[in-house]
Amino acid sequence: MGTQATQKLHPDAVIVTGPGASQADVPLSLEVLRVQGQSELGLPDCAVDFHFANDVLFRVSPQVFEALKARYGPATEELGGAIHWLSEERAVSVSPTNLKFTYTHRALDREVVISIMNLRTRAVPQPVIQAAEPEEPRSPATEEPTETSVSEELKGLDWFDDRQTLDKAHRLLKTAQTPDEIVRLLLAIASHEQERSIEVVLPFLQHEDDRVFDTAMTALEVIGGSKAVAAVGSPLGRPGVPKARRLRSLQALLDLRGEEGAAGQIARALTDPDPEVRQEAAMNIALTGDAAAVAPLRKAHAHETDAMTRNIQARALELLGAPLSAGDGRPAA
């Protein structure tokens, strides 16, 4: 459908964003109509946005968050666009990407996660003991932890005593030897969502094992906050970091875009030596909606030599409401 057909079906539709011609290489005119008072997923009084490109309907977005706030009260947290209502015992969450609702008993949820990790630990086959030359005896104080010892430590924790379990997980992480041990401990630490864990997790962004790196990124995403944002952005601009890891950093920053400083960290990748990374940075920074991103994005566009990247940067500026020119060829203010 086009806008006229939609307005015929919904006479009370209001234009939220009027048609605006794109300055990117691909001609595009975007427009949004909003209809109030709709029922979505059993929730009354929701708004529904109709998105048009060149007068062709390509997306319908129910706005259920306000209705949820009316039912549950002010949200406890709004991270990465998701909304969470948290209490000591429960969590109610809704994701903006798939409109999935989650109702969680927090303590039991953590217990199940840890139980699953313990089951995986027991499923890991133990190495066959081979005869070897006897080694010099070592004192217990210097003996390195084994897979079995760390696994037993994990299973022995009281997961309902948050401070005790988190402190012990921190200590175990510092002595963990194998990627499997490290991954299990990082996931356990992330489940507590404590800011003080960030400095413990941060060194594992430099671990040689990609699975450890990815889990450390995930842990920081779960913990959240401005300090986590700074940690997640640390691989950007660091010499020798593989491109796949720089892209993973940008993905995590996009998930944390509701946090303070996310746009600034993404902007660091606008000067990355690889055009694919620069393109990803431009697209992600537009999705933050942060006006502070306009200046670095314009600067990057002025120095960009790759045609496709320049086009994406121009489109990102439009989405931020800051086109490249004021319509007469002069740079916009």
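See the structure printed just above.
Below you will find a few notes about this structure.

Calculation rules
- Residues numbered from 1 in each chain as written.
- Predicted model: local features only at pLDDT ≥ 70, side-chain atom pairs only at ≥ 80, totals over all residues.
- Heavy atoms only, no water.
- Helix = DSSP H or I, 4+ residues; strand = E, 2+ residues; numbered from the N terminus.
- Buried < 20%, exposed > 50% of the residue type's maximum accessible area, 1.4 Å probe, protein only.
- Contact = heavy atoms within 4.5 Å.
- Areas by Shrake-Rupley, 256 points an atom, 1.4 Å probe, with all protein chains shown as cover.
- Expected span 1.5 Å × (residues − 1).
- Polar contact = N/O pair within 3.5 Å; in protein donor to acceptor, adjacent residues only side chain to side chain.
- Salt bridge = Lys/Arg side-chain N within 4 Å of Asp/Glu carboxyl O.
- Axes fitted to C-alpha atoms, helices over the stretch in contact; angles between N-to-C directions.
- Parallel < 35°, antiparallel > 145°, perpendicular 65-115°, else oblique.
- Nonpolar A, V, L, I, M, F, W, Y, C, P; charged D, E, K, R; others polar.
- Left-handed = near helix turned anticlockwise from the far one by under 90°.
- Core = buried A, V, L, I, M, F, W, Y, C linked by side-chain atoms within 4.5 Å.
- Pairing = 2+ DSSP bridges.

## Describing the overall build of the protein
Tallying secondary structure elements over the protein gives 14 helices and eight strands in all. With 333 residues in all, the protein has 40% of them scored as buried. Summarising the internal contacts of the protein: among those between residues at least 6 apart in sequence, 48% fall at separations of at least 24. Total accessible area on the protein is roughly 18600 Å²; 53% of this is exposed by carbon and sulfur atoms.

## So, helix α12 (residues 275-288)
Relative to the 20 Å expected for 14 residues at 1.5 Å per residue, α12 spans 20 Å between its end C-alpha atoms, a close match to the ideal helical length. Looking only at α12, the buried set comprises V277, R278, Q279, A281, A282, N284, I285, A286 and T288. The N-terminus of α12 is capped by D274, whose side-chain oxygen sits 2.8 Å from the backbone nitrogen of E276. Two residues or fewer after α12 comes G289, characterised by a positive phi angle close to 70°.

## Section: the pattern of salt bridges
The full count for this structure, using the stated rule, is twelve salt bridges. Between D167 and R196 there is a salt bridge; the shortest N-O distance is 2.8 Å. Taken together, the positions of D167 in helix α5 (residues 162-175) and R196 in the loop between α6 (179-190) and α7 (198-201) put the pair 29 residues apart, joining distant regions of the chain. Here D167 falls in the partly exposed class, since its relative accessible area comes to 24%. Among the ionic pairs, R211 bridges to D180, the shortest N-O distance being 2.6 Å.

## Regarding the environment of H303
For H303, the position within the fold is in helix α13 (residues 294-303). Owing to a relative accessible area of 61%, H303 belongs among the exposed residues under this scheme. Here the alpha-carbon distance between H303 and T271, two residues 32 residues apart in the chain, equals 9.2 Å. Within the structure, H303 has its side chain in polar contact with the backbone oxygen of K299 (distance 2.9 Å).

## Focus on the packing of helix α10 (residues 243-255) against α12
Running from N to C, α10 and α12 cross one another at 5°; their axes reach a closest spacing of 10 Å. With respect to α12, the axis of α10 lies roughly parallel. Across from K243, R246, L247, L250, Q251 and L254 in α10, the residues of α12 making contact are E276, V277, E280, A281, N284 and L287. In the contact of α10 with α12, the residues fall into six nonpolar, two polar and four charged.

## Quick look at unusual backbone geometry
A positive phi angle is found at E193, which is not glycine, with a value near 55°. Along the chain, E193 falls in the loop between α6 and α7.

## Some words on the packing of α13 against helix α14 (residues 307-319)
Viewed as axis vectors pointing N to C, α13 and α14 meet at an angle of 155°, and their least axial separation amounts to 10 Å. Classified by the interaxial angle, the pair formed by α13 and α14 is roughly antiparallel. Between α13 and α14 lies a crossing of left-handed hand. Contact residues: V294, L297, R298, A300, H301 and A302 in α13; R310, Q313, A314, A316 and L317 in α14. Residues that form the contact of α13 with α14 fall into these classes: seven nonpolar, two polar and two charged.

## Brief notes about the nonpolar core
In this structure, L173, L186, L270, I285 and L297 are the most contacted members of the largest nonpolar core, which totals 53 residues. Sort the elements by how many residues they give to this core and helix α8 (residues 210-223) lands first, with seven residues. Apart from the residues lying within four places of it in its own chain, the contact partners of I285 are A263, I266, A267, L270, A293, L297 and L320. Residues L43, C46, V92 and V94 belong to the second largest nonpolar core, which totals seven residues.

## Things to note about the pairing of strand β3 (residues 43-53)
Counting buried residues in β3 gives nine out of eleven residues, a clear majority hidden from the surface. Where β3 lies against strand β4 (residues 56-63), seven bridges are found, and the strand directions are antiparallel. Paired with D49 across the bridge in β4 is S61. As consecutive antiparallel partners, β3 and β4 are separated by two residues, and within that stretch N54 has a phi angle of approximately 50°, a positive value.

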